[in-house]
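A look at the structure
This is what each chain is made of:
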Amino acid sequence: MGTIRISGAEAVIRCLLEEGVDLIYGYPGGAIMPVYDELYKFQDQLHHVLVRHEQGATHAAQGYARATGKVGVAIATSGPGATNLVTGIADAQIDSTPMVCITGQVGRHLLGSDAFQETDIIGISTPVTKWNFQVTEASQIPEIIAKAFYIARSGRPGPVLIDITKNAQFDELDFSYEKCTGIRSYNPVPKLNLDKVAEAAALINSAKKPLIVFGQGIILGQAETEFKAVLEKSGIPAAWTILGLSALPTDHPLNVGMLGMHGNYAPNLLTNECDVLIAFGMRFDDRVTGKLSTYAKQAKVIHFEIDPAEIDKNVKTEIAVLGDVKESLAALLPLLDAKSHDLWHNEFKELAKVEYESVIKDELNPSTAGLSMGETIEMINKHSKGDAIIVSDVGQHQMFACRYAKFNSTKSNITSGGLGTMGFALPAAIGAKMGKPDREVVAIIGDGGFQMTIQELGTIFQTQVPVKIVILNNEFLGMVRQWQELFFDNRYASTKMINPNFVAIAEGYHIKSKKVTQREDLDAAVAEMLASKESYFLEVMVEKENNVFPMIPTGACVSEIRLS
């Protein structure tokens with residue numbers, strides 16, 4: 001490819017186009033203005049979405065990435081613009097979401113002088129990025145952006161930040177672009193050791209009570225088909241982390257439910273009964289393991305993982321199989337014996353009955369006058385038929401959504417997992433819907449988290465993106481209140497919410513809105529929302545003190561899971 005003489009700012013835009021980017025989220029400002037000026041000239045090729053806060057840009061880019069599997073892109077100015085990206089970057093880092101963030105910076109000659117809107121975003125973002133780099137010369141731009149996209153999407157994905165000084169945007173360079181296909185000393189995918197796969201297969205074949213636990217690695221590795229084939233041949237029950245949810249259809253007979261603090265009774269309890277625990281693409285997070293010293297001590301653990309740093313980090317493994325999970329599963333499949341494990345499955349079924357009678361039955365068909373979060377999710381299932389992308393925020397409603405939402409296809413559950421970021425769902429739903437315009441996208445949000453990024457209703461209004469928004473309003477910071485009830489003698493310190501008229505606010509943004517307070521109105525309201533071709537806001541007033549169970553108390557063993 002020949003070179004052309006252009007400005008650094010134009011080079012940024014041309015690099016994005018070379019990487020196949022057609023949609024970015026951002027907010028302009030002085031230090032990034034040269035890039036925005038060039039973006040104006042290329043607006044027929046590269047669509048920019050003006051968010052209302054830079055945090056919204058990162059969450060929207062995350063939603064886009066999670067729904068499509070592509071790299072999300074966010075852009076902001078220096079100083080507060082850059083620092084406002086940090087929460088979303090940290091969220092993307094812990095949840096392994098591929099994202100490239102571009103920030104403007106003061107001119108090179110002003111660096112370190114405490115110039116107006118100068119912040120050391122490289123220093124600030126280093127702990128929460130997969131890689132970052134400050135560009136101070138225009139000639140650096142093509143190589144650095146190429147590396148950024150390669151690093152963000154390769155191996156275990158993650159966020160990358162590029163900080164570009166203003167002089168580098170104005171100065172000219174001889175532009176040509178070559179995509180990055182490798183970086184010395186960076187090995188994103190370990191070479192698969194087939195001997196380790198054979199060892200794993202032998203141990204799995206000998207197991208009497210094997211249990212598979214799977215996470216988002218199945219989705220990130222695009223290994224859903226291979227995973228399903230391994231499950232169906234081996235006959236092993238499989239439980240998921242919240243980020244692994246939707247990698248396997250909810251109603252698959254080998255899907256035994258959710259792991260972790262508010263997960264299902266059977267997979268949590270039987271984690272400490274299995275003889276072989278096989279983990280795929282998950283990191284043994286503390287919300288899954290509970291008290292580590294008591295977690296699956298009777299089991300031999302096999303860990304299939306792409307990131308060597310996760311091996312033995314929390315849970316000691318008997319066999320570690322490093323590599324791309326799609327390749328690993330394909331190698332494992334022919335080595336497995338075909339089994340059914342009927343007696344073992346019956347143990348899951350009996351415990352599932354206990355959970356249904358103790359928790360689920362009343363949650364989905366409550367005897368109380370007030371609406372429950374669970375029955376609201378079930379009503380969405382009824383009308384979406386499991387085909388919607390559900391984007392949940394953080395709190396009780398998140399746990400109810402993960403527990404009860406139905407999914408038929410992958411990349412359908414989008415939520416903030418490791419960081420637990422309130423305010424995630426509204427902008428993430430915008431990104432998800434723009435990435436997958438042919439799919440219904442429903443944001444499930446609590447009244448607390450909604451107010452953290454409520455301004456992104458303006459983005460919905462301006463772009464006319466047809467996102468469906470469901471606020472489960474219990475007039476509390478519900479998850480914190482539940483802990484206060486159970487562990488702090490009902491001292492509801494700073495958790496009661498005095499909320500505004502949400503419907504009036506949504507209508508102020510010209511979004512069709514409805515409020516439901518009675519059970520008999522819920523069905524028709526959800527049907528109307530999902531039938532709408534435009535954005536829709538539905539507020540559901542739910543029980544103020546509706547708790548989410550089962551629950552493993554903090555620091556407790558998975559076997560100490562409580563049903564009430």
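Residues numbered from 1 in each chain as written. Predicted model: local features only at pLDDT ≥ 70, side-chain atom pairs only at ≥ 80, totals over all residues. Heavy atoms only, no water.

1. Details of the overall build of the protein
If you tally the helices and strands in the protein, you get 23 helices and 20 strands. Sequence-distant contacts, at least 24 apart, represent 77% of the contacts inside the protein between residues at least 6 apart. For the protein, the distance from the average site of its 51 positive side-chain charges to the average site of its 66 negative ones is 3 Å. (Helix = DSSP H or I, 4+ residues; strand = E, 2+ residues; numbered from the N terminus. Contact = heavy atoms within 4.5 Å. Lys, Arg positive; Asp, Glu negative; His and termini not counted. Charge placed at Lys NZ, Arg CZ, Asp CG, Glu CD.)

2. Structural notes on the environment of Glu350
When you line up the elements, Glu350 lands in helix α15 (residues 342–364). Between the C-alpha atoms of Glu350 and Ile469, which are 119 residues apart in sequence, the distance is 36 Å.

3. Examining the domain arrangement of the protein
Examined at the domain level, the protein breaks down into domain 1 (4–175), domain 2 (194–348) and domain 3 (369–541). Computed over C-alpha atoms only, the centres of domain 2 and domain 3 are separated by 31 Å. Taken together, the contact between domain 2 and domain 3 spans 17 residues of the former and 19 residues of the latter. Carbon and sulfur atoms make up 59% of the area that domain 2 and domain 3 hide from each other, which totals about 1500 Å². The three residues of domain 2 that bury the most area against domain 3 are Ile242, Ser246 and His262, which together make up 36% of that side's buried surface. (Domains from an automatic or database assignment. Buried area = accessible area lost by both parts, 1.4 Å probe.)

4. What about helix α23 (residues 522–531)?
Buried within α23 are the following residues: Leu522, Ala525, Val526, Met529 and Leu530. The buried residues of α23 occupy an angular sector of 125 degrees when projected down its axis, which confines them to one face. Projecting away from the buried face of α23 at angles above 90 degrees are the exposed residues Ala524 and Ala531. (Buried < 20%, exposed > 50% of the residue type's maximum accessible area, 1.4 Å probe, protein only. Arc of directions from axis to C-beta.)

5. A few points about the UniProt feature "domain: Thiamine pyrophosphate enzyme TPP-binding" (unreviewed entry) in the protein
In the UniProt entry, the feature "domain: Thiamine pyrophosphate enzyme TPP-binding" (unreviewed entry) is given for residues 393–540. What you have in residues 393–540 is 39% helix and 17% strand, and the ends, taken at the C-alpha atoms, are 15 Å apart. (UniProt positions renumbered as here; feature names shortened; annotations may be inferred.)

6. Digging into the packing of helix α16 (residues 373–384) against helix α17 (residues 396–404)
Contact geometry for α16 and α17: axes closest at 9 Å, N-to-C directions at 45 degrees. In terms of orientation, α16 and α17 fall into the oblique class. The element α16 and its partner α17 pack so that their crossing is right-handed. Across from Met373, Gly374, Ile377, Glu378 and Asn381 in α16, the residues of α17 making contact are Gln396, His397, Phe400, Ala401 and Tyr404. Its residues assigned to classes, the contact of α16 with α17 comprises five nonpolar, four polar and one charged. (Axes fitted to C-alpha atoms, helices over the stretch in contact; angles between N-to-C directions. Parallel < 35°, antiparallel > 145°, perpendicular 65-115°, else oblique. Left-handed = near helix turned anticlockwise from the far one by under 90°. Nonpolar A, V, L, I, M, F, W, Y, C, P; charged D, E, K, R; others polar.)

7. Comments concerning the pairing of strand β2 (residues 23–26)
Alternating residues of β2 divide into Leu23 and Tyr25 and Ile24 and Gly26, and every residue in both groups is buried. Relative to strand β3 (residues 47–50), β2 runs parallel, the two sharing four bridges. Considered in β3, the bridge of Gly26 is made with Leu50. Between the parallel pair β2 and β3, the chain is carried across by helix α2 (residues 33–41), and the sense of this crossover is right-handed. (Pairing = 2+ DSSP bridges. Right-handed = clockwise from strand over helix to strand, strands pointing away.)

8. Structural notes on the packing of aromatic side chains
For the structure shown, the criterion picks out 13 aromatic pairs. Plain terms: the ring middles of Trp344 and Phe348 are 5.0 Å apart, the flat faces sit at 80 degrees to each other, and that makes the pair edge-to-face. Taken together, the residues span about one helical turn, with Trp344 and Phe348 both in helix α15 at a distance of four residues. Judged by relative accessible area, Trp344 falls into the buried class, the value being 3%. Ring centres of Phe450 and Phe502 lie 5.4 Å apart, and the angle between their planes is 75 degrees; this geometry places the pair in the edge-to-face category. Of this pair, Phe450 sits in helix α19 (residues 447–450) while Phe502 sits in helix α22 (residues 502–508), and the two are 52 residues apart along the sequence. Each member of the pair, Phe450 as well as Phe502, carries the same accessibility label: buried. An aromatic cluster is defined as three or more aromatic residues linked by ring pairs; in this entry it consists of Phe214, Phe227, Phe280 and Phe304. The ring of Phe476 carries the charged tip of Arg481 above its face, separated from the ring centre by 5.9 Å. (Phe/Tyr/Trp six-rings, centres within 6.5 Å; stacked < 30°, edge-to-face > 60°. Lys NZ or Arg CZ within 6 Å of the ring centre and 35° of its normal.)

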